[in-house]
Amino acid sequence: MQCAACPAPEHPELFPENDPPLLSVRGLCKYFGSHPGCLDVAFDLWPGEVLGIVGESGSGKTTLLRCLAGRLAPTSGSVRYRSEQFGALDLLSCPEPLLRRLHRTEWGLVRQNPRDGLRLAVSAGANIGERLMSLGWRNYAEIRAQALAWLERVEIDAARVDDLPLTFSGGMQQRLQIARNLVTSPRLMFMDEPTGGLDVSVQARLLDLLRSLARELGLAVVIVTHDLSVARILAHRLMVMRRGRVVEAGLTDQVLDDPHHPYTQLLVSSILEV
Amino acid sequence: MTTLDTGIRVEGLSKSFILHTQGGARIDVFRDLSLHVEAGECLALSGPSGSGKSTLLRSLYANYKPDAGRILVRHGDGVVDLSTAAPRAVLAVRRRTLGYVSQFLRVIPRVPALEIVAEGLGEDGLEREEALAHASSLLRRLRIGPELWRLAPKTFSGGEQQRINIARGFARGYPILLLDEPTASLDAANRATVVELIREAKTRGAAIVGIFHDEEVRDAVADRIFTMPSKERPQ
């Protein structure tokens, strides 16, 4: 599919290498009526890579993330995903049940507000166990053992396994949301401002956790953040978005230390040094 | 594929900055610059402050993006041009081939000093225990006591942070090392240790490019001096 905003049908291969990318996006556009949410976005993502999407609010970051994660139907473009279970898939023509299955198994979505990503009426352990149960796990002891192991992994006291998420602090809720996603060993995680609503001291802990989990599990991550210091610590590569378009993309430290686009320069020069 | 018999070869490199937030001011840092460094050799960049030494060094690390020219490094069996390489390729070169020791440690919250130094040693084929032992011995040589190894360096002094950074850079057997004033805030004993480390790296065949303000250090390690060309006046 082609839309008017995309000048050329084909984008040059961003990484002309032999191993195929996990996620391959070309000419992705999303319009809300006549208002463009994101325009002509293209990138490839490989296993183990963390891609940061930065830009101020309203730049199209979250729209793009929601399109990628299959939560929002793009107007045009293609999103190809190499599934472990189902082979190469074009997500835009992928049947809904298959998408739902991917969401429960190979993908994870971490939302800015953990309350949007958690089930608040059930215990922490049940939150972690939900994905496993949806995959047919029925042995209570095994599910509980997984829940305890993941609580420990995200540094939540195992004694809290039966408590409701609402009794947790914001940082703990966010870590619980991450554990709930990771329990099925996803290969691709989408994160929308995961450190957004947290105190700075809590952010640091979460950042360190995300960084080591991404590395140890070889996760591919697309992370939306407006915080450039979060992007610097977590992301291998950055895409800078403005008014729905990617205005600059590349190696994280290169984009932040030698920004070329006027908008990136403005973003970088606006950071308060600590 | 291009062949390369040296560690690093720079051809016709130019770098300018355009400051869009300051009325589009253009700063030409250097133009058409060429140099090469052999394995086992240390090249010292020299020139007055503002002559572009750090900009050149950062360009060699692909931290800055040059306007023109090539930066060829031998990576494994092949050659990579860092001026055009894709981000993944640059990261692969940095992981295996190209080390950079800056003056300042970029501290990651909660990661202890020992882990910072041991990180990536698996790339050199070391098991975890070996990696920790190797990292400890380097920290010891740089006079960082074991009481600090388990702490995150956020609260360390500037000199201690710099020594963590040096230990991290020299822990790995990088074939190419870039050093940006590695002895800037060190005392005499630690300066001497850094000189030793640089000499050891040369002996194992590393190609080194460095900025050394301390003339004594520079004379002790540099085989050749590359003088930054004087800047052309902007038109």
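This text gives an overview of the structure that appears in the document. (Residues numbered from 1 in each chain as written. Chains lettered and ligands numbered in written order. Predicted model: local features only at pLDDT ≥ 70, side-chain atom pairs only at ≥ 80, totals over all residues. Heavy atoms only, no water.)

### Focus on the overall build of chain B
Alright, step 1. A count of helical and extended segments in chain B gives eight helices and nine strands.
Alright, step 2. Rg of the C-alpha trace for chain B: 18 Å, near the compact-globule value of 18 Å for 235 residues, within the 12% margin.
Alright, step 3. When the backbone C-alpha atoms are referred to their principal axes, chain B occupies close to 55 × 40 × 35 Å.
Alright, step 4. Split into buried and exposed, the 235 residues of chain B put 52% on the buried side.
Alright, step 5. Within chain B, contacts between residues separated by at least 24 positions form 69% of all contacts whose residues are at least 6 apart in sequence.
Alright, step 6. In the form shown here, chain B has an accessible surface area of approximately 10,900 Å², with 48% of it arising from carbon and sulfur atoms.
Alright, step 7. Of the charged side chains in chain B, 32 are positive and 29 negative, and the gap between their average positions amounts to 5 Å. (Helix = DSSP H or I, 4+ residues; strand = E, 2+ residues; numbered from the N terminus. Rg over C-alpha atoms; globule rule 2.2 N^0.38 Å. Buried < 20%, exposed > 50% of the residue type's maximum accessible area, 1.4 Å probe, protein only. Contact = heavy atoms within 4.5 Å. Areas by Shrake-Rupley, 256 points an atom, 1.4 Å probe, with all protein chains shown as cover. Lys, Arg positive; Asp, Glu negative; His and termini not counted. Charge placed at Lys NZ, Arg CZ, Asp CG, Glu CD.)

### Examining the overall build of chain A
Alright, step 1. Each helix and strand counted, chain A has ten helices and ten strands in total.
Alright, step 2. Each principal axis of the C-alpha distribution contributes one length, and for chain A these read about 55 × 50 × 40 Å.
Alright, step 3. Within chain A, the proportion of its 274 residues that are buried is 53%.
Alright, step 4. Long-range contacts, defined as pairs at least 24 residues apart, comprise 65% of the intrachain contacts of chain A with a sequence gap of at least 6.
Alright, step 5. Between the averaged position of the 29 positive side-chain charges in chain A and that of its 31 negative side-chain charges there is a distance of 7 Å.

### Regarding the packing of aromatic side chains
The description of two aromatic rings rests on the distance between their centres and on the angle between their planes.
Alright, step 1. Across all of its chains, the model carries four aromatic pairs over all chains by this definition.
Alright, step 2. With centroids separated by 5.9 Å and ring planes inclined at 90 degrees, the aromatic side chains of Trp107 of chain A and Phe190 of chain A adopt a geometry described as edge-to-face. In this pair, Trp107 of chain A is assigned in strand E6 (residues 107–110) and Phe190 of chain A in strand E7 (residues 188–192), connecting sequence segments 83 residues apart.
Alright, step 3. Residue Trp107 of chain A is classed as buried on the basis of its relative accessible area of 0%.
Alright, step 4. Between the aromatic rings of Tyr61 of chain B and Tyr100 of chain B, the centroid separation amounts to 4.8 Å while the plane-to-plane angle is 25 degrees, which identifies the pairing as stacked. Linking Tyr61 of chain B in the loop between helix H1 (53–60) and strand E4 (68–75) with Tyr100 of chain B in strand E6 (residues 98–101), this pair joins segments that are 39 residues apart in sequence. For the pair Tyr61 of chain B and Tyr100 of chain B, one class covers both residues: buried. (Phe/Tyr/Trp six-rings, centres within 6.5 Å; stacked < 30°, edge-to-face > 60°.)

### Side note on the sheet that holds strand E1 (residues 8–19) of chain B
All names here are of chain B.
Alright, step 1. The antiparallel open sheet is built from four strands, whose spatial order is E2-E1-E4-E5. Only two strands of the sheet have a single partner each, and these edge strands are strand E2 (25–37) and strand E5 (78–81). Across the sheet, the mean angle from the axis of one strand to that of its neighbour is 30 degrees, orientation sign disregarded.
Alright, step 2. Where E1 and E2 come together, nine bridges link them in antiparallel fashion. Within E2, the position partnered with Ile8 by the bridge is Val37. (Pairing = 2+ DSSP bridges. Axes fitted to C-alpha atoms, helices over the stretch in contact; angles between N-to-C directions.)

### Comments concerning the pattern of salt bridges
Alright, step 1. Evaluation of the coordinates by the stated rule reveals 25 salt bridges over all chains.
Alright, step 2. The salt bridge involving Glu130 of chain A is made with Arg180 of chain A; its shortest N-O contact spans 2.8 Å. One end of the pair, Glu130 of chain A, is in helix H4 (residues 124–134); the other, Arg180 of chain A, is in helix H6 (residues 170–182), with 50 residues separating them in the sequence.
Alright, step 3. Residue class for Arg180 of chain A comes out buried when judged on its relative accessible area of 14%.
Alright, step 4. As a salt-bridge pair, Glu119 of chain B and Arg211 of chain A come within 3.7 Å of each other at their nearest N and O atoms. (Salt bridge = Lys/Arg side-chain N within 4 Å of Asp/Glu carboxyl O.)

### What about empty space enclosed by the protein?
Rolled over the atoms, a probe as big as a water molecule pinpoints where empty space is left.
All names here are of chain A.
Alright, step 1. All told, the structure shown has one cavity of 30 Å³ or more when counted by the stated rule.
Alright, step 2. Considered as a void within the structure, the largest cavity measures approximately 60 Å³ in volume.
Alright, step 3. Together, Val50, Met191, Leu210, Arg211, Ala214, Leu219, Val221, Ile223 and Leu234 line the largest cavity.
Alright, step 4. Contributing elements (two or more residues each) for the lining of the largest cavity: helix H7 (200–217) and strand E8 (220–224).
Alright, step 5. The biggest single contributor to the lining of the largest cavity is H7, with three residues.
Alright, step 6. Of the residues belonging to the lining of the largest cavity, the class tally is eight nonpolar, no polar and one charged. (1 Å grid on protein atoms, 1.4 Å probe; cavity = no way out; pocket = protein on both sides within 12 Å on 5 of 7 lines; lining within 4 Å. Points joined across faces, edges and corners; volume = space filled by probe spheres on them. Nonpolar A, V, L, I, M, F, W, Y, C, P; charged D, E, K, R; others polar.)

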